[in-house]
Amino acid sequence: MKVTYYGHGCFSIGIGGTNYLIDPFITPNELAKDIDIKTIKADYILLTHGHEDHVADTVEIYKNTKATLIANFEVNNWFAAKGVEGGVGMNIGGAYQTKDCAIKMVSAAHSSSMPDGSYGGLASGFVLVFQEDEVDKVIYFAGDTGLYKDMELIQEEFGFVDFAFLPIGDVFTMGINDAVEAAYLVNADGVIPMHYDTFPPIEVNLEEAKREFEEFRFEVFNIGEEKELI
Ligand code: NI
Ligand code: MN
């Protein structure tokens, strides 16, 4: 699994030659100004919810890549009306199988509205299950969420999570301490922090975060950085 960070809550996850781009918010993000979205490859675009800071570049990247959109029913319909064709509208608890990955939409304790204020369905996270060298791998992409006890259901169903992508910026999502608790609830091995430092209210002390996550394999990404993780 190859992971590339594009800032804020946007990552590309490469699994078996397929690129899953999650929550593209790049061109409005001053910290990501060196990223040229025309160079981004995507076979799928996954959106956790409708907020602008997760969907901003969806139409442009779709035009460049013809990627398949995976999002909740309302978010998918909103983008279909903007010309994003062939998307998959899902809802919480449902799974969609690609050729190399099962993508389950799971709850997030958050809101969801579209950039124009229209209804954006329920905010979600995703669990991705796939194989590397014939070994099952599990990724939990939390999206924007507060801590909630039912994250434990992920551990119950999948047993473990190789990497949990968790928001740590506080104010709009979990902060560091709640994110540590989330990592325990899902039984994560590794943690990738996201949704911090983009705007002044969500600036964090990364050194503190590293200390708080010392029980986990804590992988911090610079914007534009790519790592082969599992
Ligand atoms: Ni949000
Ligand atoms: Mn957000």
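Below or above, wherever it landed, is the structure these notes cover. (Residues numbered from 1 in each chain as written. Chains lettered and ligands numbered in written order. Predicted model: local features only at pLDDT ≥ 70, side-chain atom pairs only at ≥ 80, totals over all residues. Heavy atoms only, no water.)

**Some points on the coordination of the nickel ion (ligand 1)**
Tetrahedral coordination by four donors sets the ideal angle at the metal to 109.5 degrees; octahedral coordination by six donors sets it to 90 or 180 degrees.
Stage number 1. For the nickel ion (ligand 1), the full set of protein donor atoms is His 49 (NE2), His 51 (ND1), His 110 (NE2) and Asp 144 (OD), at a range of 2.2 to 2.3 Å.
Stage number 2. Taken in chain order, the donor set of the nickel ion (ligand 1) reads H-x1-H-x58-H-x33-D.
Stage number 3. Taken as an interatomic distance, the gap from the nickel ion (ligand 1) to the manganese ion (ligand 2) is 3.2 Å; Asp 144 donates to each of them. Of this pair, His 51 sits in the loop between strand E4 (44-46) and helix H1 (52-55) while Asp 144 is found in the loop between strand E10 (135-141) and helix H4 (152-158), placing the two residues 93 residues apart along the sequence. Each member of the pair, His 51 as well as Asp 144, is classed as buried. (Donors = N, O, S within 2.8 Å, 3.2 Å for Na, K, Ca; no water. Helix = DSSP H or I, 4+ residues; strand = E, 2+ residues; numbered from the N terminus. Buried < 20%, exposed > 50% of the residue type's maximum accessible area, 1.4 Å probe, protein only.)

**Some remarks on the pairing of strand E1 (residues 2-5)**
Stage number 1. Direction of pairing for E1 relative to strand E2 (residues 11-15): antiparallel, over a ladder of four bridges. Each bridged residue has a counterpart across the sheet, and for Val 3 the counterpart in E2 is Ile 13.
Stage number 2. Here E1 folds back onto E2, and the loop between the two strands holds five residues, one of which, Gly 7, carries a positive phi near 95°.
Stage number 3. Direction of pairing for E1 relative to strand E14 (residues 226-228): antiparallel, over a ladder of three bridges. Across the sheet, the residue bridging to Val 3 is Lys 227, located in E14. (Pairing = 2+ DSSP bridges.)

The values reported here are purely geometric and, on their own, carry no functional implication.
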